[in-house]
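Notes for the structure review
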Amino acid sequence: MILDLDIGNTLSKWRLKDADSSEIRSRGAVWTREEWKPGSDIPDLDVVEAVRISSVARQAVLEQTVTLLQSRVRNVHVARSVPEALGVVNGYEEPHRLGVDRWMGVLAGYQLAGGCCAVDCGSAITIDFVLPGGRHLGGYILPGLRLMKESLKLGTRNVAIDPDSEAEELLLPGKRTVEAVNHGIYLAAVSAVNRIYAEVCDREGVALPMLLTGGDARVVARGVHSPHAVWPDMVYGGLEACFPLTAAERAGRMSGAPRVPPPAGLEKIRAGLAFSMLL
Ligand SMILES: Nc1ncnc2c1ncn2[C@@H]1O[C@H](COP(=O)(O)OP(=O)(O)O)[C@@H](O)[C@H]1O
Ligand SMILES: CC(C)(COP(=O)(O)O)[C@@H](O)C(=O)NCCC(=O)O
Ligand SMILES: [K+]
C-alpha cells in the first residue's frame, strides 16, 4: 500500500492506494493542529510500503510527521517546490517559496490538461496559471471561505455554507446576518475566480482549461462560469507524477483524474470580461 498525505493549514488528508491494483482503499482527514495518532487517525502502517507527502503546515508539523513515519516505513518521499519539474517552469522569483500544494496542483493539472488554471479552495483560495509549453505564471492567493467568515467575528463562524446550495441562491441578498455573510463571501470568492481567470486568459491570449480542488471546490465551482472540472485528488495527482511508484503512475496516469472539458473560446472569454468591466 502507498500512503499519500496532503497536509493543509486546516486539514491533513490521507489516502491509501493499492500499489498493485491502483485502487484507493481508504481515505480520511484529521485537523492539522492536532497530533497524528497512528493506528486511530491513519490506518495500520504495517501495510504501508511507501509514503508521499505534500505539506504546507508549520515545519515542525512536517518534521514530526516524517520522523514518526520514517521509524515505520522505509520509503518516505517529501515533495518540494523546485525551479522546474515535469516540463513546468516555476514562475516564482524564489521557486521554493511557492506553496508545495500549489506546485503539486500545477504539475498535476499540466500533466492532465497541458496549460491550465489550477484553483485550490482550501484555507486559502489559490489560483495558479501554467501556459501550454509549461511556463507557470505565478498566481493569486485570497482567504478561503472559512477564513473570510472567521475574520468577520459576527457570531456566524460555525454556520457553514451548505455545500449543496445552488449558486443562484447564494448570490441573492441575505435577509439574516448569517445569510448576508455566507452570500457575501461566496460572491467574493466566485467573482475573484471568474475575473482572474478571464483577465489572465485575455492578457496571455489563450483560453485555458480550469481545474478546481480543495474542501470548498464543489460549492465554488457551482458559481464558476467557464467550463471546468473538479478534481478532489489533484494534490495527490502531483505526488503521483513526482514520485511514480506503480506501473500506471509511471505511464503518467493519476488516480481519479477527471475528464477536462475544453475551455470556452477566447473571444467568448473576452466578451464576458468586457461586459463585466462595463458594470
Ligand atoms: N467537513 C469539513 N470539515 C472541514 N472543512 C470543510 C469541510 N467541508 C468543507 N470544508 C471547507 O474546506 C476547507 C478546508 O479545505 P482543505 O482543502 O482541506 O484546506 P487546507 O488544504 O487548507 O487544509 C475549510 O476551510 C472549509 O471551508
Ligand atoms: C497559500 C497557502 C497558504 C495555501 O494553503 P492551504 O489553503 O491549501 O492550506 C499555501 O500554499 C502556502 O503556505 N504557500 C506559501 C506561500 C506562497 O505560495 O506564496
Ligand atoms: K488552498
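Look a little higher up for the structure.
Described below are features of the structure shown in this document. Because the structure is a prediction, the values reported are computed rather than measured.

A few words now on the coordination of the potassium ion (ligand 3). Taken together, Asp120 (OD) and Ala124 (O) make up the protein donors of the potassium ion (ligand 3), found 2.9 to 3.2 Å from the metal. We classify aspartate 120 as buried; its relative accessible area is 12%.

This next bit is on the pairing of strand β4 (residues 50-55). Counting buried positions along β4 yields 6 of 6 residues, so the element is predominantly enclosed. Of the two faces of β4, the one holding Ala50, Arg52 and Ser54 and the one holding Val51, Ile53 and Ser55 are both buried throughout. Note: strand β1 (residues 2-7) against β4, 6 bridges, orientation parallel. Considered in β4, the bridge of leucine 3 is made with valine 51. Two elements, β4 and strand β5 (residues 75-78), share 4 bridges in a ladder whose sense is parallel. For alanine 50, the partnering residue across the bridge sits in β5 and is asparagine 75. A crossover connection joins β4 to the parallel β5 through helix α1 (residues 59-70); in handedness this β-α-β unit is right-handed.

Here the focus is the environment of glycine 223. Tracing the backbone shows glycine 223 in the loop between α6 (217-221) and β12 (228-230). C-alpha separation for the pair glycine 223 and glycine 272, spaced 49 residues apart in sequence, amounts to 15 Å. With sequence-adjacent residues up to four places away left out, glycine 223 is seen in contact with Ala167, Tyr186, Val190 and Asn194.

For ligand 1, the full set of nearby residues is Gly8, Asn9, Thr10, Leu11, Lys13, Trp31, Gly122, Ser123, Arg146, Gly214, Gly215 and Asp216. Between an oxygen atom of ligand 1 and a main-chain N or O atom of asparagine 9, the distance comes to 3.4 Å. Within the side chain of lysine 13, an N or O atom sits 2.8 Å from an oxygen atom of ligand 1. Protein contacts shield 72% of the accessible area of ligand 1, which totals 560 Å² for the unbound molecule. Put simply, ligand 1 lies in the largest pocket. Broken down by class, the residue content of the shell around ligand 1 amounts to 2 nonpolar, 7 polar and 3 charged.

Here we take up the packing of helix α5 (residues 177-204) against helix α9 (residues 266-278). Close contact between α5 and α9 brings their axes to 9 Å; oriented N to C, the two are set at 120°. Considering their axes alone, α5 and α9 lie oblique with respect to each other. Considering the relative orientation of α5 and α9, their crossing is left-handed. Counting all contacts with α5, which are made through Arg195, Tyr197, Ala198, Glu199, Cys201 and Asp202, the residues of α9 involved are Leu266, Ile269, Arg270, Leu273, Ser276 and Met277. Here the residues of the contact of α5 with α9 are counted per class, giving 7 nonpolar, 1 polar and 4 charged.

Here is what the cut-offs are and how they apply
- Residues numbered from 1 in each chain as written.
- Chains lettered and ligands numbered in written order.
- Predicted model: local features only at pLDDT ≥ 70, side-chain atom pairs only at ≥ 80, totals over all residues.
- Heavy atoms only, no water.
- Donors = N, O, S within 2.8 Å, 3.2 Å for Na, K, Ca; no water.
- Buried < 20%, exposed > 50% of the residue type's maximum accessible area, 1.4 Å probe, protein only.
- Helix = DSSP H or I, 4+ residues; strand = E, 2+ residues; numbered from the N terminus.
- Pairing = 2+ DSSP bridges.
- Right-handed = clockwise from strand over helix to strand, strands pointing away.
- Contact = heavy atoms within 4.5 Å.
- Near = heavy atom within 4 Å.
- Polar contact = N/O pair within 3.5 Å; in protein donor to acceptor, adjacent residues only side chain to side chain.
- Areas by Shrake-Rupley, 256 points an atom, 1.4 Å probe, with all protein chains shown as cover.
- 1 Å grid on protein atoms, 1.4 Å probe; cavity = no way out; pocket = protein on both sides within 12 Å on 5 of 7 lines; lining within 4 Å.
- Sits in = over half its atoms within 2 Å of the grid points.
- Nonpolar A, V, L, I, M, F, W, Y, C, P; charged D, E, K, R; others polar.
- Axes fitted to C-alpha atoms, helices over the stretch in contact; angles between N-to-C directions.
- Parallel < 35°, antiparallel > 145°, perpendicular 65-115°, else oblique.
- Left-handed = near helix turned anticlockwise from the far one by under 90°.

Coordinates in, geometry out; function isn't part of it.
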